[in-house]
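Structural features, examined
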Amino acid sequence: MVGRLHPSRGVVAHLPADEKQTTGGRKFLIDVEDTIRLILEQEDTDGDFQISITDSGPKVLTLGTATSNGYKSFDIRGTYMLSNLLQELALARDHGRKRIVLDEARLTENPVDRLSRMIRFSFWHALTRRIDGDGLEIICADPKNRTRNIAPLIYVPHALPEMAEYYRKVAKQKPHLGLRVEVLPEKCDDPEFVKSLNDKPGILALAMRDAVDEQGNKTLKGIPFVVPGARFNELYNWDSYFISLGLLVDGMLEMAQDMVEHFCFEIKHYHKVLNGSRSYYLCRTQPPFLTDMALQIYNQSEKTPERKLWLKRAIQAAIKDYHTIWMAEPRLDPMTGLSRYRPAGSGIPPETEASHFTHILEPYADKHGLSILEFSEKYNSGEIQEPELDEYFLHDRAVRESGHDTTYRFEKRCANLATIDLNSLLYKYEVDIGSAILEVFDDALEIEEAFPLTPFPPSPELYGVPTSKWAKSTSGVQSSDEWFRRADFRKERIDQYLWNEGKKLYFDYDTVQKKQSLYETVTAFWALWAGCASEDQAWKLVQYALPKFEVLGGLVSGTEESRGRISLDRPNRQWDYPYAWPPHQIMAWVGLERYGYLDVAQRLAYRFLYMMTTAFVDFNGVVPEKFDAVKLSHLVDAEYGNQGIDFKMVPREGFGWMNAAYQVGLHYLTTHMRRAVAACTSPEVFFRRRDPGVTDAQRAKMAAVAEPVALTLDHVDTEAIDGLSPPQP
């Protein structure tokens, strides 16, 4: 058995030598409750019901072997083995077990295999929700609801009376739920109407299928979907895209397909792919990924007539989303022809934490001689008019629509910015739609739902014509030619307004100030993912821009220089330096591979998965929402803190897109890289070069453990580690 040595961890991971050892090795006879109590009393010194490297216990526990009926004993040592023991005991308790025989392989399991197994067989299931009579109790719980109205409330689209009747029937059959059912008006995203719902927030009904109940009667059944987790207990837009990539890697094609069904439902009934499926999100969407999501699923499916019809519905929905949301004013800027995050809305966003806007509202409350609560009520009602505050919340809503809430990149200007990320995504939309029409639908696609088609090429003159005079979607068939011309036009405008040849980087363009916003953002690499960068631009991004964002744990959201100085009056924002998020990593990996920089993508994937794996090993299996990629820490002190870290004894969900990043990232690693990640080998040690993202102090600390790590790797049986079949749950 080979162990990884670390001064503060002891032997953190023993790696099984072969599959025979997994099934025929040492086994322990354990009293579940007594051992849980003992391990927590002895090892959980900070009282958080987790065993981590920050706990100051002895990091050793003696267990009796099963073959000796507990007479002979063996020491379990180190944070990793002890935390795995606690997790296994917690799962045994869940199943009502009093005593168990536990295989040592569960405690010494290769951490990469263990985490990947937990994501595939446990986390995705725990994050799965359904909106119907069976799933309402779980999905209606909303940690963001700060009103007094906490009884479950579901809003049903105007055009679905049979669905409303279904939920009324559920309310009668399950009176303990206290379920209320309300039908939305046809124009359910009117800003004033949406604001009127702030005091009675509720879940929005999603897609359902016809079914038959136990009595043989026709009924409806909710289509399942995966939520991000923690305080985000509803269907989200761009989270769902990255989650779907993880689902596809794990062979869960049907679940990914179902999430596309919900997006199509939202576009039809709520007029957009919603930020999230709660009433307070009705005015907002998020970064558009529907076409790539649908095509990824279609390309991995058997090409049946049913699947072709499914893709047709998805592409039709995307075309509506494109014309009625992203290419319609106010999101479109007719002068540049580029699009912006610029949602409608009114008042203060209600889903934030209570104190989130205190520093913004306080001066206005003082000006009117009111408390913050009193001022908020009068401002939301329209009794008090504050145009400057209206402008602030216009940009704040845009930040939330961008998915990057919050960052100094967008502070007080987001709604004016034609961003590189959004316009890269829309270029991909245009190419995807054109390609699907050409290759799947014989270059002719009819649209069944009527809506205005935005004029092309966009200009202030054409957009000055009333929309009633625009062509209608049902007036003819869609061909690929227009979509490819739209893509070419957008690429030309991206090059004109967003590319900076001098700085060799893409920037956002301020459509009001008519100049680039020189905040350096890692979303510049989304142009590679979308394919709208030239080979020369891609080379310059890799050669000159990448070093600005690459640190020890992967890619940070923006540069430290762009973020600026942090102080008590100017605190950290979670989408700025030094934080690293799964979407940014995945988009860069895919984009770099697309342009032939696979080795760079692998290096970045190694960094991020190393950071994830060390956190998993050292902190009781944690899988958080985000990381500080400079300090390699999930203990984040910015805005909302971190999600996915507040669990007792065993992680049950991870966090949606972080789970996906791990499963996707593993496919970028070679066998050798995967083995080194499992041994928690620092990127600096693994790549044997000076790392620009590492401080001298960090370098000295890593040097202290480099030698034993190297010795460990010399004795590792790579075939045993990488070929090991993980124990099934």
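Residues numbered from 1 in each chain as written. Predicted model: local features only at pLDDT ≥ 70, side-chain atom pairs only at ≥ 80, totals over all residues. Heavy atoms only, no water.

**Focus: the overall build of the protein chain**
Counting its regular elements, the protein chain contains 28 helices and 24 strands. In summary, the protein chain has a C-alpha radius of gyration of 27 Å against a globular reference of 27 Å for 729 residues, a match within 12%. The burial tally for the protein chain puts 61% of its 729 residues in the buried class. For the protein chain, restricting intrachain contacts to residue pairs at least 6 apart in sequence, the fraction spanning at least 24 positions comes to 73%. In the structure as shown, the protein chain presents an accessible area of about 29,300 Å², 50% of it carried by carbon and sulfur atoms. Once the 86 positive and 104 negative side-chain charges of the protein chain are each reduced to a mean point, those two points are 1 Å apart. (Helix = DSSP H or I, 4+ residues; strand = E, 2+ residues; numbered from the N terminus. Rg over C-alpha atoms; globule rule 2.2 N^0.38 Å. Buried < 20%, exposed > 50% of the residue type's maximum accessible area, 1.4 Å probe, protein only. Contact = heavy atoms within 4.5 Å. Areas by Shrake-Rupley, 256 points an atom, 1.4 Å probe, with all protein chains shown as cover. Lys, Arg positive; Asp, Glu negative; His and termini not counted. Charge placed at Lys NZ, Arg CZ, Asp CG, Glu CD.)

**Some words on the pairing of strand E11 (residues 208-212)**
Here E11 runs beside strand E12 (residues 218-222); their pairing, made up of five bridges, is antiparallel. By the bridge assignment, Val212 is partnered in E12 with Lys218. Hairpin connection between E11 and E12: a loop of five residues separates the two successive antiparallel strands, and Gly216 in this loop has a positive phi of roughly 85 degrees. (Pairing = 2+ DSSP bridges.)

**Brief notes about the sheet that holds strand E9 (residues 180-183)**
What the three strands build is an open sheet, ordered E9-E8-E10; its pairing is parallel. Of all strands in the sheet, those with a lone pairing partner are E9 and strand E10 (203-204), marking the two edges. Direction of pairing for strand E8 (residues 153-156) relative to E9: parallel, over a ladder of four bridges. Note on E9: the bridge partner recorded for Leu153 is Arg180. With respect to the sheet, helix H7 (residues 161-173) is in contact with E8 and E9, its orientation differing from that of E9 by roughly 165 degrees. (Axes fitted to C-alpha atoms, helices over the stretch in contact; angles between N-to-C directions.)

**Side note on the sheet that holds strand E19 (residues 508-510)**
The three strands are arranged E16-E19-E20 in an open sheet whose pairing can be described as antiparallel. Across the chains shown, the open sheet's two edge strands, defined by having one partner strand only, are strand E16 (417-418) and strand E20 (515-517). Both E19 and E20 contribute to a ladder of three bridges, which runs antiparallel. Its bridge partner lying in E20, Tyr509 is registered against Gln516.

**Topic: the packing of aromatic side chains**
Under the defined criterion, the tally for this structure stands at 41 aromatic pairs. Consider the rings of Trp499 and Tyr506, whose centres lie 4.8 Å apart with planes at 65 degrees: the pair is edge-to-face. A relative accessible area of 10% means that Trp499 is categorised as buried. For the ring pair Trp589 and Phe608, a centre distance of 6.4 Å and an interplane angle of 65 degrees mean the geometry is edge-to-face. Of this pair, Trp589 sits in helix H22 (residues 582-594) while Phe608 sits in helix H23 (residues 598-618), placing them 19 residues apart in sequence. On the basis of relative accessible area, Trp589 is assigned to the buried category, the value being 0%. (Phe/Tyr/Trp six-rings, centres within 6.5 Å; stacked < 30°, edge-to-face > 60°.)

**Some details on the nonpolar core**
Membership of the largest hydrophobic core comes to 190 residues, with the highest contact counts inside it found for Tyr167, Tyr506 and Trp589. Leaving out residues up to four positions away in the same chain, Trp589 has contacts with Ala601, Leu604, Ala605, Phe608, Leu609, Ala661, Val664, Gly665 and Tyr668. With 22 residues, the next largest nonpolar core counts Val32, Met81, Leu89 and Val650 among its residues. (Core = buried A, V, L, I, M, F, W, Y, C linked by side-chain atoms within 4.5 Å.)

**Examining the UniProt feature "domain: Neutral trehalase Ca2+ binding" (unreviewed entry) in the protein chain**
When the UniProt feature table is mapped onto this chain numbering, "domain: Neutral trehalase Ca2+ binding" (unreviewed entry) sits at residues 37-65. End C-alpha atoms of residues 37-65 are separated by 19 Å, and the span's content is 24% helix alongside 17% strand. (UniProt positions renumbered as here; feature names shortened; annotations may be inferred.)

**A closer look at the packing of helix H9 (residues 237-249) against helix H10 (residues 253-270)**
Orientation of H9 relative to H10, taken along the N-to-C sense of each, is 160 degrees, at an axis distance of 8 Å. When the axes of H9 and H10 are compared, the pair comes out roughly antiparallel. Judged by the sense of rotation from one axis to the other, the crossing of H9 with H10 is left-handed. Together, Asn237, Ser240, Ile243, Ser244, Leu247 and Leu248 of H9 and Leu253, Met255, Ala256, Met259 and Phe263 of H10 make up the contact between the two elements. (Parallel < 35°, antiparallel > 145°, perpendicular 65-115°, else oblique. Left-handed = near helix turned anticlockwise from the far one by under 90°.)

**Brief notes about H23**
The end-to-end C-alpha distance of H23, which contains 21 residues, comes to 30 Å, matching closely the 30 Å that a straight helix rising 1.5 Å per residue would cover. Counting buried positions over the 21 residues of H23 gives 19, a clear majority of the element. One or two positions beyond H23, positive phi appears at Asn620, with a value near 60 degrees. (Expected span 1.5 Å × (residues − 1).)

**Let's talk about the confidence of the model for the protein chain**
Scored by pLDDT, the protein chain has a mean of 91; 91% of the residues are at 70 or more. Here residues 1-23 is modelled with pLDDT under 50, and outside its nearest four sequence neighbours on either side it reaches 70 contacts, counting other chains as well. Low confidence marks residues 701-729, where pLDDT is under 50. Its contacts with residues over four positions away, or in another chain, come to 53 contacts. (pLDDT = per-residue confidence, 0-100.)

**Some remarks on unusual backbone geometry**
With an omega dihedral of 10 degrees, the bond running from Glu329 to Pro330 counts as a cis peptide bond. Looking at the element boundaries, Pro330 is found in the loop between helix H12 (305-326) and strand E14 (332-333). With an omega dihedral of 10 degrees, the bond running from Tyr577 to Pro578 counts as a cis peptide bond. Summarising the element assignment, Pro578 is placed in the loop between helix H21 (560-563) and strand E23 (579-580). One non-glycine residue with positive phi stands out, namely Phe49, at about 60 degrees. Mapped onto the fold, Phe49 is located in the loop between helix H2 (32-43) and strand E4 (60-64). The exposure class of Phe49 is partly exposed, given its relative accessible area of 34%. One non-glycine residue, Lys514, lies in the positive phi region at around 60 degrees. Its location among the elements puts Lys514 in the loop between E19 and E20. In this structure Lys514 comes out as exposed when scored by relative accessible area, which is 53%.

**Section: the pattern of salt bridges**
The full count for this structure, using the stated rule, is 50 salt bridges. The closest approach of N and O atoms between Glu88 and Arg114, which form a salt bridge, is 3.0 Å. Of this pair, Glu88 sits in helix H3 (residues 79-94) while Arg114 sits in helix H5 (residues 111-126), and the two are 26 residues apart along the sequence. The same class applies to Glu88 and to Arg114, which are both buried. Salt-bridge contacts for Glu501 lead to Lys540; the nearest nitrogen and oxygen are separated by 2.3 Å. (Salt bridge = Lys/Arg side-chain N within 4 Å of Asp/Glu carboxyl O.)

**A few points about the packing of helix H11 (residues 290-299) against H12**
Where H11 contacts H12, the two axes come as close as 9 Å, and the packing angle between them is 170 degrees. One element, H11, and the other, H12, form an angle in the roughly antiparallel class. For the pair formed by H11 and H12, the contact residues are Leu290, Thr291, Ala294, Leu295, Ile297 and Tyr298 on the first element and Arg307, Lys308, Trp310, Leu311, Ala314, Ala317 and Ala318 on the second. Counted by class, the contact of H11 with H12 contains 10 nonpolar, one polar and two charged residues. (Nonpolar A, V, L, I, M, F, W, Y, C, P; charged D, E, K, R; others polar.)

**Considerations on H2**
With 12 residues, H2 extends 16 Å between its outermost C-alpha atoms, agreeing within 8% with the 16 Å of an ideal straight helix rising 1.5 Å per residue. Within H2, burial applies to Val32, Thr35, Ile36, Ile39, Leu40 and Glu43. For H2, the angular spread of buried residues about the axis comes to 125 degrees, placing them on one side. One side-chain oxygen at the N-terminal end of H2 lies 3.4 Å from the backbone nitrogen of Glu33; it belongs to Asp31. (Arc of directions from axis to C-beta. Polar contact = N/O pair within 3.5 Å; in protein donor to acceptor, adjacent residues only side chain to side chain.)

**So, the state of the cysteines**
As enumerated under the stated definition, the model contains zero disulfides in all. Of all cysteine sulfurs, the one in Cys283 lies closest to Cys414, which takes part in no disulfide; the gap is 16 Å. Residue classification places Cys414 among the buried positions, given a relative accessible area of 0%. (Disulfide = S-S within 2.5 Å.)

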